[in-house]
Amino acid sequence: MNFFPKIKTALNWLASGHIIFWSMPWLMILVVAGTITQKEMGLYDAVRTYISSFIFWLGPVPLPGGLSMIALIFLSLVINFLFFSPWSLRKSGIHMTHLGVILLLLGGLVTAVSAKEGFMIIPEGDTVGTMSDYQKRVLIISKDNHVLQEISFDTLHKDQIITVDDIELKLLNICENCGAQAPSGHYKNLKGLAENMELTTLPSDKNPEANFSGLTLEITKSPDKTDQGTYILMEDIPKTPDIDGMEISLTRKAMPLPFAVQLTDFRKIDYPGTRKAQEYESDIIIQDGSLSWPATISMNKPYRYKGYTFYQSSFEQTEQMELTVLNVVKNQGRFFPYISSLVIFLGLMSHLVIRFKEGKK
């Protein structure tokens, strides 16, 4: 069977203007849907559902998401550019502009697929080599600074049994957004923080980063029976159960950096006569292997290194300590808009020059 006619037909269809003609209205519908629904579901979930997805579900019906449509438009433009463009010097400006649009879409796809965003909390004088995810939480069971199990918070469920070595624990209650109250007597043999408080479930915030997660667990088996009992874990609370030398904690997912950041000094300048911050900045030292060098990050002056961009986000000052909060973004596609804009500009200028010369003949 000769497949070439079928391949040619498929390429003709993909390169036709119908792809873009029907894709653009659907993209606009997705943007409108995301804009309307973010009021109820939050910006993060709205973008993830409609824009940063290949497929989303409308009830039982699967529908193409934003990434599918951008990928389809990108494929259509590439096929048209490579196989159906009339290559000539007269059309070079148009081809260059076409290439710029392809680069712009490629950058959007790279950003959507590979971009990472998180934050770093660094006390003055400390060194941190990881950034924390804004949305994702994990249950970590470790011993001697070695992680034995790391379980995504989204996969945990009530009555789940987790076994690590000779330790067995049971999840009694999980709350995505937690409050606290005095112990009600519902749980027995309380240990640690659970002796003084009990977690309650609050309505989840539409922005995942605003939720304060926690869980109640029971140690049902351990080498030392005195460790058995009911404990509570709260997000990023440093006081975690220590069971036979094993630490259990609930925290935001850590993403390792290929280097470390040390905070040497934090400075805040207030508006005259007030305690309201006018400007604040952090002096840091980048430590990459045997190399290290200083840098300063301020409110309007980010720092970039190895594809990561650090923004001065927030801070905390007490009599005992100062710490800085840095927003960290890794975007492999951040250069594409600059490159594509330059290519589009050169293409349009070339086309105008060529047409101007033709008009003078």
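For the structure itself, look to the data block above.
Attention in this report is confined to the structure presented alongside it.

Rules behind the numbers
Residues numbered from 1 in each chain as written. Predicted model: local features only at pLDDT ≥ 70, side-chain atom pairs only at ≥ 80, totals over all residues. Heavy atoms only, no water. Axes fitted to C-alpha atoms, helices over the stretch in contact; angles between N-to-C directions. Helix = DSSP H or I, 4+ residues; strand = E, 2+ residues; numbered from the N terminus. Parallel < 35°, antiparallel > 145°, perpendicular 65-115°, else oblique. Left-handed = near helix turned anticlockwise from the far one by under 90°. Contact = heavy atoms within 4.5 Å. Nonpolar A, V, L, I, M, F, W, Y, C, P; charged D, E, K, R; others polar. Pairing = 2+ DSSP bridges. Buried < 20%, exposed > 50% of the residue type's maximum accessible area, 1.4 Å probe, protein only.

One way to put it is that helix α1 (residues 4–15) packs onto helix α4 (residues 66–83) with a least axis distance of 8 Å and a crossing angle of 115 degrees. Taken together, the axes of α1 and α4 are roughly perpendicular relative to one another. For the crossing formed where α1 meets α4, the hand is left-handed. Between α1, through Leu 11, Leu 14 and Ala 15, and α4, the contact on the second element is made entirely by Leu 72, Leu 75, Ser 76, Ile 79 and Asn 80. When the residues that make up the contact of α1 with α4 are grouped by side-chain class, the tally is six nonpolar, two polar and no charged.

Attention now goes to the sheet that holds strand β7 (residues 167–175). Taking strand neighbours across the sheet as the criterion, the four strands line up as β6-β7-β10-β11 in an open arrangement whose pairing is antiparallel. The sheet terminates laterally at β6 (161–164) and β11 (229–234), the two strands that pair on one side only. Neighbouring strand axes in the sheet, compared pairwise and without regard to direction, differ in orientation by 30 degrees on average. Pairing geometry for strand β10 (residues 214–221) and β11, over six bridges, is antiparallel. Within the sheet, the bridge partner assigned to Thr 216 lies in β11 and is Ile 232.

Moving on, we get to the side chain of His 95. With respect to the helices and strands, the residue His 95 is situated in helix α5 (residues 92–114). On the basis of relative accessibility, which here comes to 8%, the residue His 95 falls in the buried class.

Read these as layout, nothing more, since geometry by itself doesn't imply function.
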